[in-house]
Amino acid sequence: MKVLKFGGTSVGSVGAIENIEAILKLNDPKEKLILVCSALSGVTNSLLAAGELAYNEEDFTGKLKEIENRHYEVISGLLPRTAQNPLLMNIKNHINELEYVLSGIKVLNELSPRVLDYVASFGERMSNPIVAAYLESKGFDAAFVDSRNLIKTDSNFGNAEVKQEETEARIKDWYNVYNHQIAVVTGFIGSDDKGDITTLGRGGSDYTAAIIGAALDADIVEIWTDVDGCMTADPRLVKKAYTLKELSYQEAMEMSYFGAKVIYPPTMLPVIDKKIPIVIKNTFNPEHEGTLIHYQPEISGEGLIKGIVSMKDICLVNIYGGGMVGVKGFSGRLFSTLSAAGVNIIFITQASSEHSITFVIAPKDKDRAVAAIHKEFYKELQNKQIREPEIEEDLSILAVVGEKMKSTKGISGKLFRALGKNGINIVAIAQGSTELNISAVIDKSDLAKALNVVHDSLLLSPVKTFNVFCAGTGNIGKELFRQLKNEKENLVENHQIQINIAGISNSRKMILAQNDFINLENWETQLNEEGEKAELSKFIEYVESLNLPNTVFVDNTSSKEVASLYEDLLNKNVSVVTCNKIANSGEYRRYGKLQRLAKKNNVSFLYETNVGAGLPIIKTLQDLIISGDEVTKIEAILSGTISYIFNQYVGDVTFAEVVKQAQDLGYTEPDPRDDLNGLDFSRKMLILAREIGLPLEMKDVDIKDFLPESCLNAPSVDAFYEELEKNEDYFAAFKNKVAEEGKKLRLIGVLEDGKINVEVKSVDATHPFFSLSGSDNIISFTTARYKNTPLVVKGPGAGAEVTAAGVFADLVRVTSV
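This is a predicted model, so every value here is computed, not measured.

Asker: Can you help me understand the overall build of the protein chain in this one?
Answerer: Within the protein chain one finds 33 helices and 29 strands. Computed over its C-alpha atoms, the radius of gyration of the protein chain comes to 37 Å, more than 25% above the 28 Å expected for a compact globule of 817 residues. Across its three principal directions, the C-alpha atoms of the protein chain cover 115 × 75 × 50 Å. Considering the protein chain as a whole, with its 817 residues, one finds that 53% of them fall into the buried category.

Asker: Would you explain the packing of aromatic side chains in this entry?
Answerer: How two aromatic rings sit relative to each other is given by the distance of their centres and the angle of their planes. Using the criterion set out here, one finds 24 aromatic pairs in the structure. Ring geometry for Phe469 versus Tyr542: centroids 6.2 Å apart, planes at 75 degrees, classification edge-to-face. Taken together, the residues span a long stretch of sequence, with Phe469 in strand E17 (residues 464–471) and Tyr542 in helix H19 (residues 536–546) at a distance of 73 residues. The same class applies to Phe469 and to Tyr542, which are both buried. Seen from their ring centres, Phe655 and Phe731 are 4.2 Å apart, and the 20 degrees between their planes marks the pair as stacked. Note that Phe655 is positioned in helix H27 (residues 655–664) and Phe731 in helix H32 (residues 728–741), a separation of 76 residues in sequence.

Asker: In this structure, what is going on with helix H6 (residues 122–137)? I would like to understand it.
Answerer: At 3.6 residues per turn, the α-helix brings residues three or four places apart onto the same side. Taking 1.5 Å per residue as the helical rise, H6 with its 16 residues ought to reach 22 Å, and the 23 Å between its terminal C-alpha atoms agrees with that figure. Looking one or two residues beyond H6, the residue adopting positive phi is Gly139, at roughly 95 degrees.

Asker: Looking at this model, I keep getting lost on the packing of helix H3 (residues 61–78) against H6. Mind explaining?
Answerer: A pair of packed helices is captured by two measures, namely the crossing angle of their axes and the spacing between those axes. Across the interface, H3 lies against H6 with an axial gap of 11 Å and an inter-helix angle of 5 degrees. One element, H3, and the other, H6, form an angle in the roughly parallel class. Seen from H3, the contacting residues are Ile67, His71, Val74, Ile75 and Leu78; seen from H6, they are Met126, Ser127, Ile130 and Tyr134. A breakdown of the residues in the contact of H3 with H6 according to their chemical character gives seven nonpolar, two polar and no charged.

Asker: Would you explain the nonpolar core in this entry?
Answerer: Within soluble globular proteins, side chains that are nonpolar tend to cluster in buried spots. Among the nonpolar cores identified, the biggest contains 76 residues, and Phe553, Phe655 and Leu724 are the most heavily contacted of them. In terms of residue count, helix H29 (residues 679–691) provides more of this core than any other element does, six residues in total. Discounting residues that sit within four places of it in the chain, Leu724 has contacts with Phe655, Ala656, Val659, Leu707, Cys711 and Phe731.

Asker: It is not clear to me how the pattern of salt bridges should be interpreted in this structure. Could you clarify?
Answerer: It is possible for side chains of opposite charge to pair when their charged atoms get near one another. Tallied over the full model, the rule gives 41 salt bridges. Note that Arg589 is salt-bridged to Glu587, the shortest N-O span being 3.2 Å. A salt bridge links Lys619 to Asp623; the nearest nitrogen and oxygen atoms lie 3.1 Å apart. Here the residue Lys619 and the residue Asp623 both occupy positions in helix H25 (residues 617–626), the gap between them amounting to four residues, near one helical turn. Through salt bridges with shared partners, one network takes in Lys65, Glu68 and Lys92.

Asker: Help me understand the environment of Arg368 in this model?
Answerer: Positionally, Arg368 belongs in helix H12 (residues 366–376). In this structure, Arg368 is in contact with Ala341, Gly342 and Val343, ignoring residues within four places of it in sequence.

Asker: Where do I start with the sheet that holds strand E29 (residues 791–796) in this structure?
Answerer: The strands making up a sheet associate through backbone hydrogen bonding, with each pair oriented either parallel or antiparallel. The six strands lie next to each other as E25-E27-E26-E24-E28-E29, forming an open sheet whose pairing is mixed. Single-partner strands in this sheet number two, and they are strand E25 (701–703) and E29. In this sheet, neighbouring strand axes are inclined to one another by 20 degrees on average, regardless of whether the strands run parallel or antiparallel. One ladder, built from three bridges, connects E25 with strand E27 (residues 755–763); its direction is parallel. Looking at E27, one finds that Ile703 is bridged to Val758. H25 contacts strand E24 (631–637), strand E28 (776–783) and E29 of the sheet and is inclined by roughly 5 degrees relative to E28.

Asker: What is the right way to read the sheet that holds strand E21 (residues 551–555) from this model?
Answerer: The sheet built from seven strands is open, its strands ordered E20-E19-E18-E17-E21-E22-E23 with mixed pairing. Among the strands making up the open sheet, the edge pair consists of strand E20 (532–533) and strand E23 (605–606). Two strands pair when backbone bridges link them, and strand E19 (residues 509–512) and E20 are joined in this way by two bridges, in the antiparallel orientation. Directly across from Lys509, in E20, lies its bridge partner Lys533.

Asker: Help me out: how do you make sense of helix H31 (residues 717–726) in this one?
Answerer: Considered for burial, the residues of H31 that qualify are Ala719, Phe720, Tyr721, Glu723 and Leu724. For H31, the secondary structure elements touched by its buried residues are H27, helix H28 (673–676), helix H30 (709–712) and H32.

Asker: Help me understand the side chain of Arg125, please; the structure alone is not making it clear to me.
Answerer: Checked against the element boundaries, Arg125 lands in helix H6. Classification of Arg125 as buried rests on a relative accessible area of 6%.

Asker: I tried to follow unusual backbone geometry on my own but got confused; where do I start?
Answerer: Generally, phi is negative for residues other than glycine and the peptide bonds are trans, each holding for most cases. The backbone of Gln496 shows a phi angle near 55 degrees, a positive value even though the residue is not glycine. With respect to the secondary-structure elements, Gln496 resides in the loop between helix H17 (488–495) and strand E18 (497–505). Residue classification places Gln496 among the partly exposed positions, given a relative accessible area of 37%. Positive phi values are uncommon outside glycine, yet Ala613 reaches one of about 55 degrees. Classification of Ala613 by relative accessible area gives buried; the value is 4%.

Asker: Quick question: what am I supposed to make of the packing of helix H16 (residues 475–486) against helix H33 (residues 800–816) here?
Answerer: The contact between H16 and H33 brings their axes to 8 Å, and the two run at 60 degrees. Between H16 and H33, the angle is such that the two are oblique. Handedness of the H16/H33 crossing: right-handed. Between H16 and H33, the residues in contact are Asn475, Ile476, Glu479, Leu480, Arg482, Gln483 and Leu484 and Ala800, Glu801, Thr803, Ala804, Ala805, Val807, Phe808 and Leu811, respectively. When its residues are assigned to classes, the contact of H16 with H33 shows nine nonpolar, three polar and three charged.

Parameters at a glance
Residues numbered from 1 in each chain as written. Predicted model: local features only at pLDDT ≥ 70, side-chain atom pairs only at ≥ 80, totals over all residues. Heavy atoms only, no water. Helix = DSSP H or I, 4+ residues; strand = E, 2+ residues; numbered from the N terminus. Rg over C-alpha atoms; globule rule 2.2 N^0.38 Å. Buried < 20%, exposed > 50% of the residue type's maximum accessible area, 1.4 Å probe, protein only. Phe/Tyr/Trp six-rings, centres within 6.5 Å; stacked < 30°, edge-to-face > 60°. Expected span 1.5 Å × (residues − 1). Axes fitted to C-alpha atoms, helices over the stretch in contact; angles between N-to-C directions. Parallel < 35°, antiparallel > 145°, perpendicular 65-115°, else oblique. Contact = heavy atoms within 4.5 Å. Nonpolar A, V, L, I, M, F, W, Y, C, P; charged D, E, K, R; others polar. Core = buried A, V, L, I, M, F, W, Y, C linked by side-chain atoms within 4.5 Å. Salt bridge = Lys/Arg side-chain N within 4 Å of Asp/Glu carboxyl O. Pairing = 2+ DSSP bridges. Left-handed = near helix turned anticlockwise from the far one by under 90°.

Geometric values such as these leave the question of function open.
Take a look at the structure:
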């Protein structure tokens, strides 16, 4: 036989109760069933509210009428008219009785726990006869059973303790003579030795089902609710949370204790002793398999844990002092006095030095806890043997739970590394000897972020999510969005990476995702039509305040103002990916600080595109260094722009025409002089020097000017082009000379003996840089290992497509760290 419990939402409407009929039809028609039902959803709260109104001498008749009408509506919607009268009379009698009780409360101005239990019991006493009558009208052999005759308790009203032996005997005696196939039993309520109604406290109807199931050795206890089962995390905070197929009793107890609302821990105790499985199912989605809670589930699977649970609002109390060290019975006195004061301890941790004890309580218990400590330890506090209790508020507890943790090494390391990488500070830690649970106290403002981070990191989520904010929507920015859009499915399916764009800003407008992320199919339209006026400080403030897990800031600008914000972002545990060279080629002091901040905060600061667009130059150099090689010389052509210009500057075309063509193709900086004056090239060489440990500044780079002074000093870009035309004879002289000698013009940078030189040279066919074509870059590393034959990296070094691809690659590298 089975015991099926239906909660308030499962009996809260006509449609919900009709679902119960459909669920029963899924069972063997010969199988005996016991249904334990709650009050209609919201009715218990309405009853208690009516009691408070009466106690406060306020009018309760409106609330009473609301309760009455609610039941009348359910009856009229479920049953034919001919079957309604007995139920309508039953509701009327109960409402009259309730009105009499409430009037007494109002007159006597007394609302004792005993009376409150009596008032609360009306919900189940009215709902269960309706369910039984409806099932009977549909051809089921069902009858209503009042659990007050079965569940015997003490007189602790509001949270009565069940007398297990007497209750079990009563249930067995009743069931031995019960002659119907289905029993519809009131949940939540029982009675004491005097016959007074008692309630079983939180989760009372679940408890009723478990007690009956254990007493009758049921095959299974089914808890029907309004969710598909126990989930890996709170779906309101973790969108990727999913339903667990199974849990052990211990896992379910741990998850329930720390906030999983689906089942209440004490309700499982009767069935745990008998090893009776429990299944959590959804009344409104009965086809879903739900969550099976049983004795020994499988612990295999991808996830390192079963779930993450939390308590949103807790208070931490820390007691410390030299007078605690080696003193026997101190902890016993502390926790006994807190218990006597009615303070529930949620979490305890103690230093091995015995110098301090830290425990967690509900905020509502804070004042009582402090008062109890002052009273019990008055002498120790006066003598300064212990310090005044320290109270920390606005905290939350996050706990990871799973049987698999016992057999898997490094779970704690993965957990704390994931939290630390995202800037989530851990205030206190606790782990039981069963290794089923690791709990951490964190700042309340970090809770949602922490849950998502841990859900991803401990493999509960099949896909790891990164939240990206982008500055710059020029050629590179647009191309990056195109590539991200085209590769979205590939990233998810083959690499388990999901990249969400949470914000976009350019110099004119910005858009910040509020409830959902920005759709890359129409990001430009969204930005132009829905975006607000760009304000960089506000944009960065939003990035930091949103506090999303795995946040990455991408800089596709050449803005000094944007680059100045990297330090703040890294300090807020936001990774930075940038093609903007300004930060890394500015003061060496700042370059070093950015490296240290990234390392300190365990985030990424990636800038591969600072030197060679999409070419793996910095990564190659870093790998050489980290593997112990020594770089003795770097020779490079690192301006795809100038490579393109020199390669195209042949025949009758003018130098100005070639430069304009390069700009139109997106090869140049917004002001082409930043390329042609060698400054951009020099920045790249300076960055390479710093990567191998040389503390050089821009003034240390020896640049030989190629452009005439009038071109360099032109007041605008348009004026610059005019000057290029005026100086065509100067440029043509270079062109004609190298053509006659069979050579080619190349802007070459050399880093050797701690010095950097950048100048235009003419090279012949014997030089390795002679055959460079188009906008290609080339770099050769001469090292202790690559002494005779330098290591060479060659390929396209300019253009939006390859640069965006480099930014894309860095973004993916962040996800793999």
